[in-house]
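Take a look at the letters that make up each chain.
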Amino acid sequence: MTETRQPIIGQSLTRLEDPPLVRGKGRFVADVSFPHQLHMRVVRSPLAHGRLLGIRIKAALALKGVHAIWTAQDIADIGPIDFREGKIEKLEPYRQPVLAQDYVRYVGEPVAVVFAEDAYVAEDAADLVELDIEELPVIVEADAPPGVFAPGLSTEAAIVTQGFGDVEGAFASAHAIISLDLQMGRHSGVPLETRGAIGLYDSARDVLELHGAAKVPHKNRESLARMLGRTTTTLHLFEYHVGGGFGIRGEIYPEDILVLVAALRLERPVKWIEDRREHLMCANQSRQQRHLISAAVDAQGRLLAIRNEFYHDQGAYPRTHALRIAETTCGILPGPYHLGAYSATGYYRLTNKTPCATYRAPGRYETNFVRERLLDAIAERLGMSRVDVRRINLIKKEEMPYARPLSVLEDDVSYDSGDYEGLLDQSLKAMDWDALQESLKARRAKGEIVGAGFALFIEKSGLGPTDGAHVNVDTDGVVEVLTGGASVGQGFETVVGQVCADILGADYRKVRVVHGRTERIEFGIGAHASRATVMTANAVAVAAAKVRAKALDMAAELMQAQPGDLDIANGLVFRRDAPHGPSMKLGAVASALRPMAKTRGAREPGLSADGWFESEHQVYPYGNQFAVVKIDPATGAIAIERYLIAYDIGKAINPMLVRGQILGGFAQGLGGAIYEEFLYDERGEPLSVSFADYLMPTLSETPDVEVLLTEDAPSPRNPLGIKGAGESGIAPVGAAIASAVEDALQCTGLVRQLPLTPQRVKAMLKELQSRRGLPA
Amino acid sequence: MKPAPFTLHRPATLAQATALLHDLADEDARLIAGGQSLAPMMAFRLARPGHLIDLNGVGELAHLCESGGMIEIGALIRHVDIARRAIPGVTGALLRAVLPHIAHHPIRTRGTFCGSLAHADPASEWCLTAATLDATLVAHSASGRREIAARDYFEGAMATALRADEVLSSVRLPQLPEGARFAFHEFSRRSGDFAIAAALVIFELRDGLIAQARIGIGGAEDRPRRISEAEAVLNGRKPSPELFVEAGAAVAAALCPMEDISTSAAYRRELAATLTERALEEAAR
Ligand SMILES: Cc1cc2nc3c(=O)[nH]c(=O)nc-3n(C[C@H](O)[C@H](O)[C@H](O)COP(=O)(O)OP(=O)(O)OC[C@H]3O[C@@H](n4cnc5c(N)ncnc54)[C@H](O)[C@@H]3O)c2cc1C
């Protein structure tokens, strides 16, 4: 047999996690049950704001099969839901109680909870719980004057600010000032699998378990332990298959705490599976911001300063992230451009709507839209091309790393590497931009409403500071990679498996990746902010390299060679100079290292090692997206004729997965750009609580997308050179489509709001006609 | 989203079904056919029938036939059957043209033609078809059989002349004459969604002039209906783009559209006019 080392990193290998999923053998939280479990149903507020005067549970309790019903009084010892990163003094009084106490503040807020023998009875009983609520006036718009959250507390929970330079001076001396008022609709991640949680208490061992974890099991273990007054050693979280995360799954919600407390007190497993209506009413929503933004530019179109004032609609309560999206909005808005001076002020306001938190590309979907609209408007004002105004402002390759006195996720902004203009040129070429302009012009002359637009963007990913992993080879040669990561369906096992197999020399198909289990590994960062590949894969690389060294050392002794003469591939150790000669299986090397094996000598037992990776800063991948659209003037419908996504990933571990991430993200971005919007009426009643009203694009609505994936700028901040991929598809879609729509209309400043529903487009057409003095 | 408790009945004959409806009259009994509208409403607990009477075992309702210039569609004919059974003539072709606009394939394999008419969603394509073709609806109850003309049948959004004790056993559609032209256009934000507005147009050309024009509009008002003002514009005139615009304007003028938070009356009105024009253009081709 001939052994040679083929690279595994960089190959589009099929996914390690797929076999059970495509055979219908996946196990999602709803598939999990425990003997004697109770089913939990939450009674939710039907009003957006009110004083809770009383709750009558007698009739519900009398229903056969109902085990218990709790209200806030029954869990008075449990505090409100904590922030993930610990105490935030100013926001403490705004935290959401697990069950509403004196007030309800959004439709869907948990008020009481029923535990019953089955899910049907639980729902029947929940219907019988009577709430006595005195309705109070609501605030449904974040840009309305703030009101009272509770006596002495304003609904403006915080004001976030960032900035640098002499903004006033820049505006005073500007050649031109361009101002826009832009709004972003409320939408969110809507995974195929709704949330779910099962609490289980093992009184024999005094261990409390939460099944159905996602995204950040270890972080959540810390928060939950803090809230429940337990040590982390006796609290464990278990992740199963997760049918989509998108940032909104896996956060701590009231239901997670309820199943745990109930499991402890009722001494029976307690299962809760969210239904779709609850999901669309209670799971984190996102994005809703209004920006009043102004740019001061010189005569060449250079950005001298930006003033970015925005209203952040947080919904009824801060959630586990506290101020993160508003902070990111401040820190990331300047994107890939030079900027002389900057001031950002975000009014973080509570409204009587579903609470908000991070959704794939938080703070970026919003700011890409706002910033790129601003650049298009500058181009129009100065009579420049949209490409030139960007060129003149782009940060150059030679300037990397490029630091700015801003912060994102408490990390100082410092772009690590990139050739933004180079990628722009590649895209312009791929689009055949000049010819495209000509053909669109000709079509417009014939009366078609067609146009092209684009947006440039910077992503951020790989938030550190540290992650670890443990790699172990068993005596059959199976490699187990123990991580504190999480899989939300993104291909985590595959990516980690590829890195491990590549570095160790293992057979990729024999790698098993463990994630989402706090009882197996003490620390973990989970899967969020496109960090898993950067942080966890690099930690795995360190551990795998150590295992490799140990394997070579042991094998060298057994094969009577020097470690340097040996190599490992496909799980076999062999001599470089005699690839056809004798070889040794990794499993055999592991056997030789068993505690009782004499061969082990003085070596530590086991073919295994820990690895840690530390990073000082995040990494900043970048890209651009181009759209060609056609508008039907009668219906206002937008058809996407062509779409290009260019993205520099630094180094793709598995290009197929990167493309998958990009395309999936794009579909969600399209949702926010044209289809999806959580609407509320003037009483704060949510109107988008089914898939008939919350419109996600389906395959029929999603156009083909061309992907231009480049590896021009590997990150210098990690040995593998990788940058994240999770949010690149979605981040600038609203921006690019808005730009194309304005180009089709041949007028900037018309798009003020996303999503671009047919009716809004139709209204824009009318506005255009009246601006041009034509009859409507 | 789990339905409230109910008792399920499975009659084998139409007589048993109507008897059950009669006997359970005071206990909130509902028929279920394809379940594609009723089951979601029960899951949301917007409908809480105490008794469900399942029509799926009533074999005599699975008929689809043509006789005396009428096509008769029984209560167990699913949406997909409209394409699978070779319904003859222009009316057959018309039904097949409308069909793909209804929901998505899996829903079409369960949902029924008559269930759509009983449910009477204002945007239902089959309701619009029935209204435009002046269908006859056949209802059975324990006390007998009666026929209801489409124009008397639709009473509002999800409200019909059908009584609580009646089964809509079949719908009869007239066979259109050879050479009749038709086209159906609707607009919805996504494929498979209920339409925001829809237009079904039918006419004949006699010596180059339009005759027997039927313009039906669905989705815009609380029930589908023919717009006689627009039909009058067309009859006796030569097809032309200008004429179609005129007919569209007549539709717009005659309509009194519904309004909700995401769709204004004005938008629906303009849409109905556009869809009418487009359908007329297609039919004239
Ligand atoms: C996602 C989705 C999208 C859809 N999109 C569309 C669409 O675009 N256009 C469209 O027209 N429809 C659409 N539908 C509805 C679908 O066409 C239903 O099949 C149809 O409305 C009802 O038919 P059914 O047989 O399923 O009726 P069921 O759901 O069984 O019953 C509906 C109602 O009619 C009554 N009923 C049923 N049969 C009879 C009868 N023979 N006599 C008396 N009463 C009866 C029931 O009691 C009930 O009140 C959609 C449904 C879904 C789930």
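What counts, and at which threshold
- Residues numbered from 1 in each chain as written.
- Chains lettered and ligands numbered in written order.
- Predicted model: local features only at pLDDT ≥ 70, side-chain atom pairs only at ≥ 80, totals over all residues.
- Heavy atoms only, no water.
- Helix = DSSP H or I, 4+ residues; strand = E, 2+ residues; numbered from the N terminus.
- Rg over C-alpha atoms; globule rule 2.2 N^0.38 Å.
- Buried < 20%, exposed > 50% of the residue type's maximum accessible area, 1.4 Å probe, protein only.
- Contact = heavy atoms within 4.5 Å.
- Areas by Shrake-Rupley, 256 points an atom, 1.4 Å probe, with all protein chains shown as cover.
- Lys, Arg positive; Asp, Glu negative; His and termini not counted.
- Charge placed at Lys NZ, Arg CZ, Asp CG, Glu CD.
- Axes fitted to C-alpha atoms, helices over the stretch in contact; angles between N-to-C directions.
- Parallel < 35°, antiparallel > 145°, perpendicular 65-115°, else oblique.
- Left-handed = near helix turned anticlockwise from the far one by under 90°.
- Nonpolar A, V, L, I, M, F, W, Y, C, P; charged D, E, K, R; others polar.
- Domains from an automatic or database assignment.
- Buried area = accessible area lost by both parts, 1.4 Å probe.
- Salt bridge = Lys/Arg side-chain N within 4 Å of Asp/Glu carboxyl O.
- Polar contact = N/O pair within 3.5 Å; in protein donor to acceptor, adjacent residues only side chain to side chain.
- Pairing = 2+ DSSP bridges.
- Right-handed = clockwise from strand over helix to strand, strands pointing away.
- Core = buried A, V, L, I, M, F, W, Y, C linked by side-chain atoms within 4.5 Å.
- Near = heavy atom within 4 Å.
- Expected span 1.5 Å × (residues − 1).
- pLDDT = per-residue confidence, 0-100.
- Phe/Tyr/Trp six-rings, centres within 6.5 Å; stacked < 30°, edge-to-face > 60°.
- Lys NZ or Arg CZ within 6 Å of the ring centre and 35° of its normal.

### Some details on the overall build of chain B
Next up, step 1: When helices and strands are tallied, chain B shows eleven helices and 14 strands.
Next up, step 2: Computed over the C-alpha atoms, the radius of gyration of chain B is 19 Å, within 12% of the 19 Å expected from 2.2 N^0.38 for a compact globule of 285 residues.
Next up, step 3: Counting only C-alpha atoms and orienting by the principal axes, one finds that chain B spans roughly 60 × 45 × 30 Å.
Next up, step 4: When each of the 285 residues of chain B is scored for burial, the buried share is 54%.
Next up, step 5: Looking at chain B alone, contacts between residues at least 24 apart form 61% of all its contacts between residues at least 6 apart.
Next up, step 6: Of the roughly 11,600 Å² that chain B leaves accessible, carbon and sulfur atoms contribute 52%.
Next up, step 7: For chain B, the centre of its 30 positive side-chain charges and the centre of its 34 negative side-chain charges are spaced 4 Å apart.

### Some remarks on the packing of helix H4 (residues 89-98) of chain B against helix H7 (residues 125-132) of chain B
All names here are of chain B.
Next up, step 1: Across the interface, H4 lies against H7 with an axial gap of 10 Å and an inter-helix angle of 150 degrees. In this view, H4 runs roughly antiparallel relative to H7, as classed from their interaxial angle. Handedness of the H4/H7 crossing: right-handed. In contact with Leu 94, Leu 95 and Val 98 of H4, H7 contributes Glu 125, Trp 126 and Thr 129.
Next up, step 2: Here the residues of the contact of H4 with H7 are counted per class, giving four nonpolar, one polar and one charged.

### Describing the domain arrangement of chain A
All names here are of chain A.
Next up, step 1: Taken domain by domain, chain A comprises domain 1 (18-25 + 463-614), domain 2 (32-138 + 189-282) and domain 3 (140-188 + 284-393).
Next up, step 2: Computed over C-alpha atoms only, the centres of domain 1 and domain 2 are separated by 38 Å.
Next up, step 3: Contacts between domain 1 and domain 2 engage 20 residues on the former and 16 residues on the latter.
Next up, step 4: Among the residues domain 1 hides against domain 2, the three largest losses belong to Val 488, Gly 516 and Thr 518. Together they make up 37% of the total.
Next up, step 5: Here domain 1 and domain 2 share one salt bridge between them.
Next up, step 6: Note that Glu 522 is salt-bridged to Arg 221, the shortest N-O span being 3.4 Å.
Next up, step 7: Summed over the shared surface of domain 1 and domain 2, the number is nine residue pairs in polar contact (both at pLDDT 80 or more).
Next up, step 8: When its residues are assigned to classes, the side of domain 1 that touches domain 2 shows eight nonpolar, nine polar and three charged.

### Looking at the pairing of strand S30 (residues 706-710) of chain A
All names here are of chain A.
Next up, step 1: As paired elements, strand S29 (residues 638-648) and S30 share five bridges and run parallel to each other. Note that in S30 the partner of Tyr 647 across the bridge is Leu 709.
Next up, step 2: After leaving S29, the chain enters helix H16 (residues 655-675) and then returns to the sheet as S30, a path that is right-handed.

### What to know about the nonpolar core
One broad rule of soluble globular proteins: the nonpolar side chains tend to lie buried together.
All names here are of chain A.
Next up, step 1: By size, the foremost hydrophobic cluster in this structure holds 125 residues, and its most contacted members are Tyr 643, Ile 737, Val 741 and Leu 756.
Next up, step 2: Three or more residues apiece are contributed to this core by two domains, here domain 2 (32-138 + 189-282) and domain 3 (140-188 + 284-393).
Next up, step 3: With residues up to four places along the chain from it excluded, the contact list for Leu 756 reads Ile 638, Ala 673, Ile 674, Ile 737, Ala 738, Val 741, Val 751, Val 761 and Met 764.

### Focus: the environment of A:Arg290
Residue and element names in this part refer to chain A.
Next up, step 1: Relative to the helices and strands, Arg 290 resides in strand S15 (residues 289-297).
Next up, step 2: Sequence separation of Arg 290 and Asn 538 is 248 residues, and the distance between their C-alpha atoms is 38 Å.
Next up, step 3: The contact partners of Arg 290, leaving out residues within four places of it in the chain, are Asp 143, Asp 181, Leu 182, Gln 183, Glu 309, Phe 310 and Tyr 311.
Next up, step 4: Side chain to side chain, Arg 290 and Asp 143 meet in a polar contact 2.6 Å long.
Next up, step 5: A polar atom in the side chain of Arg 290 sits 2.6 Å from the side chain of Asp 181.

### Some remarks on the site of the ligand
Residue and element names in this part refer to chain B.
Next up, step 1: The local shell around the ligand holds 31 residues, among which Leu 31, Gly 35, Leu 38, Thr 112 and Glu 125 are the closest.
Next up, step 2: At a separation of 2.6 Å, an oxygen atom of the ligand approaches a polar side-chain atom of Thr 112.
Next up, step 3: Considering the ligand on its own, with 950 Å² of exposed area, one finds that the protein chains cover 89% of that surface.
Next up, step 4: It is helix H6 (residues 113-119) that provides the largest number of residues to the shell around the ligand, a total of four residues.
Next up, step 5: Considered class by class, the residues forming the shell around the ligand number 14 nonpolar, 13 polar and four charged.

### Some thoughts on the environment of A:Asp419
All names here are of chain A.
Next up, step 1: Mapped onto the elements of the fold, Asp 419 is located in the loop between strand S19 (411-415) and helix H11 (420-431).
Next up, step 2: Judged by its relative accessible area of 24%, Asp 419 is partly exposed.
Next up, step 3: Considering only alpha carbons, one finds Asp 419 and Pro 336, 83 residues apart in sequence, at a separation of 9.9 Å.
Next up, step 4: Setting aside residues no more than four positions away along its own chain, Asp 419 makes contact with Lys 397 and Tyr 622.

### Here we look at the interface of chain B and chain A
Next up, step 1: Taken residue by residue, the interface counts 23 residues in chain B and 33 residues in chain A.
Next up, step 2: Regarding the contact of chain B and chain A, the summed buried area is about 2,300 Å², with carbon and sulfur atoms giving 55% of it.
Next up, step 3: When the area that chain B buries against chain A is broken down by residue, the three leading residues are B:Met1, B:Arg189 and B:Arg190, summing to 32%.
Next up, step 4: Applying the counting rule to chain B against chain A returns seven salt bridges.
Next up, step 5: With its nearest N and O atoms 2.5 Å apart, the salt bridge here joins A:Lys762 to B:Glu270.
Next up, step 6: At the boundary of chain B and chain A, one finds 19 residue pairs in polar contact (both at pLDDT 80 or more).
Next up, step 7: Here the side of chain B that touches chain A takes five residues from helix H11 (residues 265-284) of chain B, the largest share from any one element.
Next up, step 8: Within the side of chain B that touches chain A, the residues separate by chemical class into ten nonpolar, five polar and eight charged.

### Remarks on the sheet that holds strand S7 (residues 144-149) of chain B
Residues and elements named next belong to chain B.
Next up, step 1: Reading across the sheet, the five strands line up as S4-S5-S10-S6-S7 and stay open at both edges, with antiparallel pairing between neighbours. A strand with exactly one partner marks an edge of an open sheet, and here the two such strands are strand S4 (64-67) and S7. Here the average twist between neighbouring strands, direction ignored, is 25 degrees.
Next up, step 2: For S4 and strand S5 (residues 70-74), the ladder comprises four bridges, and the chain directions are antiparallel. What sits directly across from Leu 64, in S5, is Ile 73.
Next up, step 3: Contacting strand S6 (136-141) and strand S10 (167-174), helix H1 (residues 14-23) runs over the sheet at an angle of about 125 degrees to S10.

### Let's talk about the packing of helix H9 (residues 364-382) of chain A against helix H17 (residues 733-745) of chain A
All names here are of chain A.
Next up, step 1: Put simply, H9 and H17 touch, their axes get as near as 7 Å, and they point 30 degrees apart. It follows that H9 is roughly parallel to H17 by the angle criterion. Seen from above, H9 lies across H17 with right-handed handedness. Packed against H9, whose contacting residues are Tyr 365, Asn 368, Phe 369, Glu 372, Arg 373 and Asp 376, the element H17 presents Val 733, Gly 734, Ala 735, Ala 738, Ser 739 and Glu 742 at the interface.
Next up, step 2: The class makeup of the residues in the contact of H9 with H17 is five nonpolar, three polar and four charged.

### Quick look at H11(A)
Next up, step 1: Under the 1.5 Å per step criterion, the end-to-end length of H11(A) is 17 Å for twelve residues, consistent within 8% with the ideal 16 Å.
Next up, step 2: In the segment just after H11(A), A:Asp432 is the residue with positive phi, at about 50 degrees.

### With respect to helix H10 (residues 241-254) of chain B
Residues and elements named next belong to chain B.
Next up, step 1: Here H10 spans 20 Å end to end across 14 residues, near enough to the 20 Å set by a 1.5 Å rise per residue.
Next up, step 2: All of the buried residues in H10 are Leu 243, Phe 244, Ala 247, Gly 248, Ala 250, Val 251, Ala 252 and Ala 254.
Next up, step 3: Next to the buried residues of H10 lie strand S13 (209-218), strand S14 (225-226), helix H9 (228-234) and H11.

### Considerations on the confidence of the model for chain B
Next up, step 1: Taken as a whole, chain B shows an average pLDDT of 97; of its residues, 100% reach a score of 70 or greater.
Next up, step 2: Interface confidence in the predicted complex, given as ipTM, is 0.94; pTM for the same model is 0.96.

### Details of the sheet that holds strand S2 (residues 50-56) of chain A
Residue and element names in this part refer to chain A.
Next up, step 1: Read across the open sheet, the three strands follow the order S4-S2-S6; overall the sheet is antiparallel. On the outer flanks of this sheet lie strand S4 (103-104) and strand S6 (130-135), each paired with one strand and no other.
Next up, step 2: Of the pairings in the sheet, the one linking S2 to S6 comprises six bridges and is antiparallel in character. Its bridge partner being in S6, Ile 55 is matched across the sheet by Leu 131.

### Some details on the packing of aromatic side chains
Next up, step 1: What the rule picks out here adds up to 18 aromatic pairs over all chains.
Next up, step 2: On the numbers, 5.0 Å between centres and 85 degrees between planes, the contact of B:Tyr153 with B:Phe154 is edge-to-face. The pair B:Tyr153 / B:Phe154 is uniform in exposure class, with both members buried.
Next up, step 3: In textbook terms, an aromatic cluster arises when at least three aromatic residues are bridged by ring pairs, as seen for A:Tyr94, A:Tyr106, A:Phe149 and A:Tyr317.
Next up, step 4: We note A:Arg105 situated over the ring of A:Phe149; from NZ or CZ to the ring centre the distance is 3.8 Å.
Next up, step 5: The positively charged end of A:Arg307 is found above the aromatic ring belonging to A:Phe171, 4.2 Å away from the centroid.

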